[in-house]
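Chain and residue survey
What follows is the residue order along each chain.
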Amino acid sequence: MDALRVLAPGLLTSVQDVGRPGLRRLGVPAGGAADPPTLRLANLLAGNPQGAAALEVTHGGPTLEVLAESVRVALAGECAIGIQDAGGHRGEAAAWSSLTLRRGDRLRLGRVASGLRAYLAVAGGIAVAPVLGSAATDLRGGWGGLRGRALRAGDLLPLASDRPAGGGETRLDPPPWWTRDGAVRAVPGPQDGHFTAAALELLATAQWTVTPSSDRTGLRLDGPELEHRGAAEIVSDACLPGSIQVPGSRRPIVLLADGGTTGGYPKIATVASADLGALGRLRPGARLRFELVDVATAERLRRELEAWFAAVARGGTGTPS
Amino acid sequence: MSFVPSQPTPRFLAAADAAVVVEFGDAVDEALSARVLALEAALRRRPPPGVVETVPTLRSLLVLYDVLVTGHDALVAALRELVSGPPEAPGGGGAEWSIPVDYGGEAGPDLEEVAAAAGMSPAATVAAHTGALHRVAMLGHLPGLPYLTGLPAALGLGRHPEPRVRVAAGSVAVAGGLTCIYPVAAPGGWRIIGRTPARLFDPAAAPPAVLAPGDRVRFVAVDAAG
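From a predicted model like this one, the values you see are computed outputs, not experimental measurements. (Residues numbered from 1 in each chain as written. Chains lettered and ligands numbered in written order. Predicted model: local features only at pLDDT ≥ 70, side-chain atom pairs only at ≥ 80, totals over all residues. Heavy atoms only, no water.)

Scanning chain B from terminus to terminus reveals four helices and 13 strands. Whereas a compact globule of 226 residues would reach a radius of gyration of roughly 17 Å, chain B reaches 19 Å, a difference of no more than 12%. Dimensions of chain B, computed from C-alpha atoms along their principal axes, come out at roughly 55 × 40 × 30 Å. Within chain B, residue pairs in contact and separated by at least 24 positions form 59% of the contacts whose partners lie at least 6 positions apart. Working note: accessible area of chain B is about 9,400 Å², and carbon and sulfur atoms make up 57% of it. (Helix = DSSP H or I, 4+ residues; strand = E, 2+ residues; numbered from the N terminus. Rg over C-alpha atoms; globule rule 2.2 N^0.38 Å. Contact = heavy atoms within 4.5 Å. Areas by Shrake-Rupley, 256 points an atom, 1.4 Å probe, with all protein chains shown as cover.)

Shown next, in the form of structure tokens:
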């Protein structure tokens, strides 16, 4: 059943979940949310499994009209939410919480005030047909999500179930991993040996700026030049979200969810998986620093993040509103 | 710094907390690719705990792991043991495919240039390409795009200095000692010698990619008009 009608799509809104793992050996990136923990939290707030399909909103939000009798939605991310009911009454809702909308209500997501992306989950999940095992939109491949593309005005979003939302609403404070604004942690390698010692030192000490040519494929960074010790190309090797490639321009490119599975540029370092969400929150013009850590530290950070999610999932999602 | 093409003992490198890279060398080389695929086959037969995905490339195997099940040190220890065991034949079936190619003309605009650089006639170049047994070393860059080793050394012309803005889907191209096939239209700098009508990737099919690492490929010359 169609639950929501898209009245205005926002700048770039797409259906995303936690992606399609297992296909990298066929050249298919996992894709999925550019900020995975925030998508997972939106789903928890909506009462969904953490990996369910939700809307990834970039820069500014869509305006949606409720077609079902009752729909519970939840928003994770710093984004203003305006509500207008069928009678024309206006109100506002809070991010990091769920709310239940009725038929004819209009939900307008404003500008993303902090970070770059926000996630709107719908109770029951968005019921687009999975492609290669996932509802994630692959914008380059043109598959998954809603016809393999970003939302457009007039689109109808199908809902997995038409059960009216029951129970109370949920609400959380912005999570500690979201509000943390320190350096992005990264582990040297796998090709740190292809760079001078000065380049590694610069990577960890310089202030980097995210350029406007960044997207879901990767962040292109402006800053000092990182010098290769030998050639700026290698025989192609596997890449991952978080891989920091340095091509002949000597300016780093950090791969994100849609980044290619292999590449011919040496990778000076790899961002800790716990900090991939922080990368997805960086907008063009944002500054960032890297902090080099060892593998054991990166593993501990990831385990701490998963422990945080397990605690939230166990204990419900905070205080009733 | 320089690398020998195929290191007797591979290096175990970290991609943060997500993956271990087993690097066998830094060259385009059939023997090296065979070692990568043999390790992947061994891993698939006896997967160490926590391994979630493997990605073979021309010279290395990326092994992704679940940090809640295992860790870098434990995984490297398990991989060391697999590498030091008796060599295994590449697994995954290693299917053999015949791929029809319309060589030269509009379908293969760079055939004459590749032939000239090799000091051969276009017909002899096609014969060399169809006579060779090619192996899928890896898929990457685009979904379903195969990198094939086995290109006769004479056809070793490098990439175009300036990549084409659009290479047609199905284009069969050579560069850097390899053959590739573009599964979809994309920009590309390889030398295009022909085109196949074979569809190499379909997200609705199972499996979505026709070719898999370890498969063998023979190209068969066909006349598109015939």
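From this point, the narrative continues.
Another point: the overall build of chain A. Along the backbone of chain A there are five helices and 19 strands. By the compact-globule yardstick of 20 Å for 321 residues, chain A fits well, its C-alpha radius of gyration being 20 Å. With the C-alpha coordinates aligned to their principal axes, the bounding extent of chain A is approximately 65 × 35 × 30 Å. Split into buried and exposed, the 321 residues of chain A put 58% on the buried side. Total accessible area on chain A stands at roughly 12,100 Å², and carbon and sulfur atoms take up 50% of it. Separation between the mean location of the 35 positive side-chain charges and that of the 31 negative ones in chain A comes to 2 Å. (Buried < 20%, exposed > 50% of the residue type's maximum accessible area, 1.4 Å probe, protein only. Lys, Arg positive; Asp, Glu negative; His and termini not counted. Charge placed at Lys NZ, Arg CZ, Asp CG, Glu CD.)

With that settled, the discussion passes to helix H5 (residues 295–314) of chain A. Helix length check: H5 of chain A, at 20 residues, gives a terminal C-alpha distance of 28 Å against a target of 28 Å (1.5 Å per residue), a fit within 8%. Every buried residue of H5 of chain A is accounted for by Val295, Ala298, Glu299, Leu301, Leu305, Glu306, Phe309 and Val312 of chain A. When H5 of chain A is viewed along its axis, its buried side chains cluster within an angular range of 160° and face the same direction. Against the buried residues of H5 of chain A lie helix H1 (36–46), helix H2 (176–179) and strand S10 (184–188) of chain A together with strand S1 (11–15), strand S4 (60–65) and helix H2 (72–84) of chain B. (Expected span 1.5 Å × (residues − 1). Arc of directions from axis to C-beta.)

Residue and element names in this part refer to chain A. One way to put it is that H1 packs onto H5 with a least axis distance of 11 Å and a crossing angle of 10°. It follows from the interaxial angle that H1 and H5 lie roughly parallel. Note on element contacts: H5 touches H1 through Glu306, Trp308, Phe309, Val312 and Ala313, opposite Pro37, Arg40, Leu41 and Leu44. Of the residues contributing to the contact of H1 with H5, the split by class is seven nonpolar, no polar and two charged. (Axes fitted to C-alpha atoms, helices over the stretch in contact; angles between N-to-C directions. Parallel < 35°, antiparallel > 145°, perpendicular 65-115°, else oblique. Nonpolar A, V, L, I, M, F, W, Y, C, P; charged D, E, K, R; others polar.)

Turning our eyes to something else, we now look at the interface of chain A and chain B. Counting from both sides, the interface comprises 36 residues of chain A and, opposite them, 46 residues of chain B. A buried area of about 3,200 Å², summed over both sides, lies between chain A and chain B, and 64% of it is on carbon and sulfur atoms. Counting the surface chain A buries against chain B, the share from its top three residues, Arg25, Leu26 and Val235 of chain A, is 24%. Here chain A is connected to chain B by one salt bridge. Arg25 of chain A serves as the salt-bridge partner of Glu40 of chain B, at 2.8 Å between the closest nitrogen and oxygen. For the interface between chain A and chain B, the tally reads 13 residue pairs in polar contact (both at pLDDT 80 or more). Among the elements of the structure, S10, strand S13 (237–238), strand S17 (267–271) and H5 of chain A are those that each provide at least two residues to the side of chain A that touches chain B. At six residues, the largest contribution of residues to the side of chain A that touches chain B is made by H5 of chain A. Looking at the side of chain A that touches chain B residue by residue, the class counts come to 18 nonpolar, eleven polar and seven charged. (Buried area = accessible area lost by both parts, 1.4 Å probe. Salt bridge = Lys/Arg side-chain N within 4 Å of Asp/Glu carboxyl O. Polar contact = N/O pair within 3.5 Å; in protein donor to acceptor, adjacent residues only side chain to side chain.)

Residues and elements named next belong to chain A. Scanning all chains against the criterion turns up six aromatic pairs over all chains. When the ring of Trp96 is compared with that of Trp178, the centres are 5.3 Å apart and the planes differ by 80°; the resulting orientation is edge-to-face. Of this pair, Trp96 sits in the loop between strand S6 (90–93) and strand S7 (97–102) while Trp178 sits in helix H2, placing them 82 residues apart in sequence. The class for Trp178 is buried, based on a relative accessible area of 8%. Connected via pairs of aromatic rings, a cluster forms that spans Trp177, Trp308 and Phe309. (Phe/Tyr/Trp six-rings, centres within 6.5 Å; stacked < 30°, edge-to-face > 60°.)

Moving on, we get to the nonpolar core. Counting residues in each nonpolar core, the largest one holds 79 residues, and the members touching the most others are Leu41 and Leu157 of chain A. What Leu41 of chain A contacts, discounting residues up to four positions off in sequence, is Ala76, Trp96, Leu172, Pro175, Trp177, Trp308 and Phe309 of chain A. Membership of the second largest hydrophobic core comes to 28 residues, among which are Leu132 of chain A together with Phe201, Leu211 and Phe219 of chain B. (Core = buried A, V, L, I, M, F, W, Y, C linked by side-chain atoms within 4.5 Å.)

Strands pair in a sheet through their backbones, by hydrogen bonds, and they do so in one of two ways: parallel or antiparallel. Residues and elements named next belong to chain B. An order of S1-S2-S4-S3 is seen for the four strands of this open sheet, with the pairing classed as antiparallel. Edge strands, defined here as strands with exactly one partner in the open sheet, are S1 and strand S3 (51–56). Taking each pair of neighbouring strands and ignoring which way they run, the sheet shows an average axis angle of 20°. For strand S2 (residues 19–23) and S4, the ladder comprises five bridges, and the chain directions are antiparallel. The residue of S4 that forms the bridge with Ala19 is Leu64. Running at roughly 160° to S3, helix H1 (residues 30–45) makes contact with S2, S3 and S4 of the sheet. (Pairing = 2+ DSSP bridges.)

Let's shift gears to the sheet that holds strand S12 (residues 191–195) of chain B. All names here are of chain B. Spatial ordering of the closed barrel is given by S5-S12-S9-S10-S7-S6-S13, a layout of seven strands whose pairing is mixed. Put simply, the sheet's adjacent strands are angled 40° from each other on average, direction ignored. As defined by bridge partners, strand S5 (residues 96–103) adjoins S12 across two bridges and the pair is classed as antiparallel. Considered in S12, the bridge of Asp102 is made with Arg195.

Residues and elements named next belong to chain A. In this structure, Gly104 sits in the loop between S7 and strand S8 (106–122). A residue is classified by how much of its surface remains accessible, and Gly104, at 21% relative accessible area, is partly exposed. Remark: the alpha-carbon pair of Gly104 and Val271, spanning 167 residues in sequence, is separated by 44 Å.

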